[in-house]
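Listed here are the chains, written in short residue letters.
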Amino acid sequence: MTMKLHCFGESGNAYKAALTLTLADAAWEPVFVDFFNGATRTPEFRALNVMGEVPVLEDGDLVLTQSGVIQDYISSKTGKLGGKSAAERRDVLRWMFFDNHKVSGVAGPLRFNMNFLPADKRNADVNGFLAMRLASALKIMEAQLAETKWLAADDMTIADIACAGYLYYPEDFTFDRKDYPNIDRWLDAIAAQPGWKHPYDMMQRAFL
């Protein structure tokens, strides 16, 4: 059965789920959510996900929300991208929690504020604080990737996909790959995986 992922191209969290599905060779199809025109605030969408967010994965009667939960489900279902031992699995979770709190949890709001908010609502002080927090997290990833090819295991895992999700976007959110050579190498290694696509090629964009 083909799974359905409710998503839109600008969402880095949706991209994590979409890329996990793709690199795990799972059968799935995107369902476009017109976020910027209020689609996640409708009663119909809130019935699907009370949090009013993408991604949402439908696998038959099962409905899952939150990118990390969806990634965990796909890796468990397919037996791929989840680490090869209990120790690796714990490290996968460690980096996914790090991403949620320190990387995507900061890069997402910063990118939104800098690119999708009306100019008169952009707060330079808020964005400066978020940029500082993001740079601190990226330095930690840069240091780890100076020692290892992947973040959590000997092979690529959902931890790599999670932490990389926002870093492929072209909009300015103060991240420049040339400032982080180890992250740059790692992003290229992920992009070299069979089936990889840029988020705007994998999911429909709201802004074309």
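Data block above holds the structure.
These remarks concern the structure in this document.

What counts as what
- Residues numbered from 1 in each chain as written.
- Predicted model: local features only at pLDDT ≥ 70, side-chain atom pairs only at ≥ 80, totals over all residues.
- Heavy atoms only, no water.
- Helix = DSSP H or I, 4+ residues; strand = E, 2+ residues; numbered from the N terminus.
- Buried < 20%, exposed > 50% of the residue type's maximum accessible area, 1.4 Å probe, protein only.
- Contact = heavy atoms within 4.5 Å.
- Axes fitted to C-alpha atoms, helices over the stretch in contact; angles between N-to-C directions.
- Parallel < 35°, antiparallel > 145°, perpendicular 65-115°, else oblique.
- Nonpolar A, V, L, I, M, F, W, Y, C, P; charged D, E, K, R; others polar.
- Core = buried A, V, L, I, M, F, W, Y, C linked by side-chain atoms within 4.5 Å.
- Pairing = 2+ DSSP bridges.
- Salt bridge = Lys/Arg side-chain N within 4 Å of Asp/Glu carboxyl O.
- Polar contact = N/O pair within 3.5 Å; in protein donor to acceptor, adjacent residues only side chain to side chain.
- 1 Å grid on protein atoms, 1.4 Å probe; cavity = no way out; pocket = protein on both sides within 12 Å on 5 of 7 lines; lining within 4 Å.
- Points joined across faces, edges and corners; volume = space filled by probe spheres on them.

Some details on the environment of lysine 4
Here comes step 1: One can find lysine 4 in strand S1 (residues 3-7).
Here comes step 2: Exposure remark for lysine 4: the relative accessible area of 37% places this residue in the partly exposed category.
Here comes step 3: The contacts of lysine 4, once residues within four sequence positions are left out, are Glu29, Val31, Val56, Leu57 and Glu58.

Quick look at the packing of helix H1 (residues 12-23) against helix H3 (residues 67-78)
Here comes step 1: One can describe the packing of H1 onto H3 by two numbers: an axis separation of 9 Å at closest approach and a directional angle of 5°. Considered as vectors, H1 and H3 are oriented roughly parallel to each other. Contact residues: Asn13, Lys16, Ala17, Thr20 and Leu21 in H1; Ser67, Ile70, Gln71 and Ile74 in H3.
Here comes step 2: Taken together, the residues of the contact of H1 with H3 sort by class into four nonpolar, four polar and one charged.

Section: the nonpolar core
A general tendency of soluble globular proteins is for nonpolar side chains to be buried together.
Here comes step 1: Leu5, Met141, Leu167, Ile183 and Trp186 are the most contacted members of the largest nonpolar core, which has 63 residues in total.
Here comes step 2: When residues of this core are assigned to their parent elements, the largest contribution, eight residues, is made by helix H4 (residues 86-115).
Here comes step 3: If sequence neighbours within four positions are ignored, leucine 5 has contacts with Ala14, Ala17, Ala18, Leu21, Trp28, Glu29, Pro30, Val31, Pro55, Val56, Leu57 and Ile70.

A word on the pairing of strand S3 (residues 56-59)
Here comes step 1: Bridge count between S1 and S3: three bridges; the pairing is antiparallel. Directly across from lysine 4, in S3, lies its bridge partner glutamate 58.
Here comes step 2: In terms of strand pairing, S3 meets strand S4 (residues 62-65) through four bridges, oriented antiparallel. Its bridge partner being in S4, glutamate 58 is matched across the sheet by valine 63.
Here comes step 3: Connecting S3 to the antiparallel partner S4 that follows it, the hairpin turn spans two residues, and glycine 60 within it adopts a positive phi of roughly 65°.

Some thoughts on the pattern of salt bridges
Here comes step 1: With the rule as written, the count across this model stands at 10 salt bridges.
Here comes step 2: A salt bridge links arginine 94 to aspartate 91; the nearest nitrogen and oxygen atoms lie 2.7 Å apart. With arginine 94 and aspartate 91 both in helix H4 and three residues apart, the pair spans about one turn of that helix.
Here comes step 3: On the basis of relative accessible area, arginine 94 is assigned to the partly exposed category, the value being 47%.
Here comes step 4: Relative accessible area serves as the criterion here: at 22%, aspartate 91 is assigned to the partly exposed category.
Here comes step 5: The partner of arginine 177 in a salt bridge is aspartate 188, with the nearest N and O atoms 2.7 Å apart. Placement of arginine 177 in the loop between helix H6 (158-164) and helix H7 (181-191) and of aspartate 188 in helix H7 is noted, with a sequence separation of 11 residues between them.
Here comes step 6: Each of Arg177, Asp184 and Asp188 takes part in salt bridges that share partners, so that together they form one network.

Details of the side chain of threonine 40
Here comes step 1: Within the secondary structure, threonine 40 is located in the loop between strand S2 (28-32) and helix H2 (43-48).
Here comes step 2: A distance of 3.5 Å separates the side chain of threonine 40 from the backbone oxygen of glycine 52, its partner in a polar contact.

Examining the layout of surface pockets
Here comes step 1: Each pocket or cavity is described by its volume, and for the largest pocket that value is around 780 Å³.
Here comes step 2: If you go around the largest pocket, you meet 32 residues; those closest to its centre are Ser11, Asn13, Glu53, Val54 and Tyr166.
Here comes step 3: Where the lining of the largest pocket is concerned, the elements lending two or more residues are H1, H3 and H4.
Here comes step 4: Examining the composition of the lining of the largest pocket, we find that 11 residues originate from one element, H4, more than from any other.
Here comes step 5: Looking at side-chain class alone, the lining of the largest pocket contains 14 nonpolar, 12 polar and six charged residues.
Here comes step 6: Of the voids in this model, the second largest pocket is the one considered here, and its volume is about 190 Å³.
Here comes step 7: Taken together, 14 residues make up the lining of the second largest pocket; nearest its centre are Lys80, Leu81, Gly82, Gly83 and Met156.
Here comes step 8: Its residues placed into classes, the lining of the second largest pocket shows three nonpolar, six polar and five charged.

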